[in-house]
Amino acid sequence: RPVQTSSACPPWALDRGPYRDRQRSERGRRTRPSHVMGKVHGSLARAGKGRGQTPKVDKQDKKKQPKGRAKKRMQYNRRFVNVVVGFGKKRSPNANS
């Protein structure tokens, strides 16, 4: 049976774009519900696989981080004083390059 269309939906656009879903719902067919889509994170049988395979490395001794006023001073200098203005995108504070 022919699909009844509104005046906002041209007949040539029924099988593509935003009108496609409208056409299916008017026919009474159901699309797949969102909760039946593909699996996302894998089975629990493989949980912890990466950590178990990784060799244990002891922590290194590091210099202690400054606390309080000294930490705020270090943050201020890093963010506003030693800023390198260059071309391109702004570097994130976490970038290693």
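Novice: Summarise the overall build of the protein chain; cite the residues concerned and give the values.
Specialist: Across its full length, the protein chain holds three helices and zero strands. Reading the helices (α) and strands (β) of the protein chain from amino to carboxyl end gives α-α-α. Accessible surface computed for the protein chain: about 10,600 Å², of which carbon and sulfur atoms make up 52%.

Novice: Mind laying out the packing of aromatic side chains, listing which residues take part and the relevant values?
Specialist: This model, assessed by the stated rule, comprises one aromatic pair. For the ring pair Tyr76 and Phe80, a centre distance of 5.6 Å and an interplane angle of 45° mean the geometry is tilted. Residue Tyr76 and its partner Phe80 are located together in helix H3 (residues 69-81), separated by four residues, close to a single helical turn. Phe80 gets classed as exposed once you look at its relative accessible area, which sits at 58%.

Novice: Which residues make up the layout of surface pockets, and what values do they have?
Specialist: Of the pockets and cavities examined, the largest pocket occupies roughly 680 Å³. Lining the largest pocket are 15 residues, with Arg78, Val83, Val84, Arg91 and Ser92 positioned closest to its centre. Here the residues of the lining of the largest pocket sort into six nonpolar, four polar and five charged.

Novice: Lay out a positive patch on the surface with the relevant residues and their values.
Specialist: On the surface, Lys63, Lys64, Lys67, Lys71, Lys72, Arg78 and Arg79 cluster together to form a positively charged patch. Topologically, Arg79 is positioned in helix H3.

Novice: Got a sec to walk through the confidence of the model for the protein chain? Specific residues and values, please.
Specialist: Should pLDDT be low for a region, the predicted coordinates there are not to be read in detail. Residue-level pLDDT values for the protein chain average 77, and 62% of them are 70 or greater. The least confident element of the protein chain is helix H1 (residues 19-27), whose mean pLDDT is 54; the most confident is H3, at 95.

What counts, and at which threshold
- Residues numbered from 1 in each chain as written.
- Predicted model: local features only at pLDDT ≥ 70, side-chain atom pairs only at ≥ 80, totals over all residues.
- Heavy atoms only, no water.
- Helix = DSSP H or I, 4+ residues; strand = E, 2+ residues; numbered from the N terminus.
- Areas by Shrake-Rupley, 256 points an atom, 1.4 Å probe, with all protein chains shown as cover.
- Phe/Tyr/Trp six-rings, centres within 6.5 Å; stacked < 30°, edge-to-face > 60°.
- Buried < 20%, exposed > 50% of the residue type's maximum accessible area, 1.4 Å probe, protein only.
- 1 Å grid on protein atoms, 1.4 Å probe; cavity = no way out; pocket = protein on both sides within 12 Å on 5 of 7 lines; lining within 4 Å.
- Points joined across faces, edges and corners; volume = space filled by probe spheres on them.
- Nonpolar A, V, L, I, M, F, W, Y, C, P; charged D, E, K, R; others polar.
- Patch = residues over 30% accessible without salt bridge, like charges linked within 9 Å, V, L, I, M, F, W, Y side chains within 5 Å.
- Salt bridge = Lys/Arg side-chain N within 4 Å of Asp/Glu carboxyl O.
- Lys, Arg positive; Asp, Glu negative; His and termini not counted.
- Charge placed at Lys NZ, Arg CZ, Asp CG, Glu CD.
- pLDDT = per-residue confidence, 0-100.

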